[in-house]
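# Examination of the molecular architecture
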Amino acid sequence: MVVEKAAASPPVPVGERRPQKQEPLGRKKKIRQQVTDGFTVKALMKNSVVRGPPLAGAFKERPTKPTAFRKFYERGDFPIALEHDTKGNKIAWKGLVEALVSELILNCRK
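- Under an unreviewed UniProt entry, the name given to the chain is Parkin coregulated, and the source organism is Cairina moschata.

### A closer look at the pairing of strand 3 (residues 80-85)
- Pairing of strand 3 with strand 4 (residues 88-93), which is carried by six bridges, proceeds in the antiparallel orientation. Counterpart to His 84 in the pairing with strand 4 is Asn 89.
- Linkage of strand 3 to strand 4, two consecutive antiparallel strands, is achieved through a turn of two residues.

### Focus: a nonpolar patch on the surface
- On the surface, a nonpolar cluster with roughly 760 Å² of combined accessible area is contributed by Phe 69, Tyr 73, Leu 82, Ile 91, Trp 93, Val 97, Val 101 and Ile 105.
- Mapped by element, the contributors of at least two residues to the nonpolar patch are helix 1 (68-75), strand 4 and helix 2 (97-109).
- In terms of residue count, the dominant contributor to the nonpolar patch is helix 2 (three residues).
- Take Trp 93: it is sitting in strand 4.

### Regarding the pattern of salt bridges
- What the rule picks out here adds up to four salt bridges.
- Arg 70 is the partner of Glu 74 in a salt bridge, and the nearest nitrogen-oxygen pair spans 3.3 Å. With Glu 74 and Arg 70 both in helix 1 and four residues apart, the pair spans about one turn of that helix.
- The exposure class of Glu 74 is exposed, given its relative accessible area of 59%.
- Residue Arg 70 is classed as partly exposed on the basis of its relative accessible area, which comes to 39%.
- Residues Asp 85 and Lys 90 are paired through a salt bridge, measuring 3.9 Å at the closest nitrogen-oxygen approach.

Basis of the calculations
- Residues numbered from 1 in each chain as written.
- Predicted model: local features only at pLDDT ≥ 70, side-chain atom pairs only at ≥ 80, totals over all residues.
- Heavy atoms only, no water.
- Pairing = 2+ DSSP bridges.
- Helix = DSSP H or I, 4+ residues; strand = E, 2+ residues; numbered from the N terminus.
- Patch = residues over 30% accessible without salt bridge, like charges linked within 9 Å, V, L, I, M, F, W, Y side chains within 5 Å.
- Areas by Shrake-Rupley, 256 points an atom, 1.4 Å probe, with all protein chains shown as cover.
- Salt bridge = Lys/Arg side-chain N within 4 Å of Asp/Glu carboxyl O.
- Buried < 20%, exposed > 50% of the residue type's maximum accessible area, 1.4 Å probe, protein only.

Here you go:
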């Protein structure tokens, strides 16, 4: 038994056909990538790029703030001096440590 297929629609004449959309040669589709934060649902999507962490500034030069120790040291209030040696810098006392400690104790009691 031969079953005839029913035609869905009559054939459209060539002049009435819609032109198919074609992209110009040499150009490709631009893939839009969205920039997202890490550990989010958007980070798991296909066209997503995870943004890196912000810079911490660990190697950025920071100015030193003046401290009370620096002020007293530069003024010469402390009886110490830096001794430059081949092994490194050391603190050298200008007088006997015991005499300096007893002098400090006497000054604090006044």
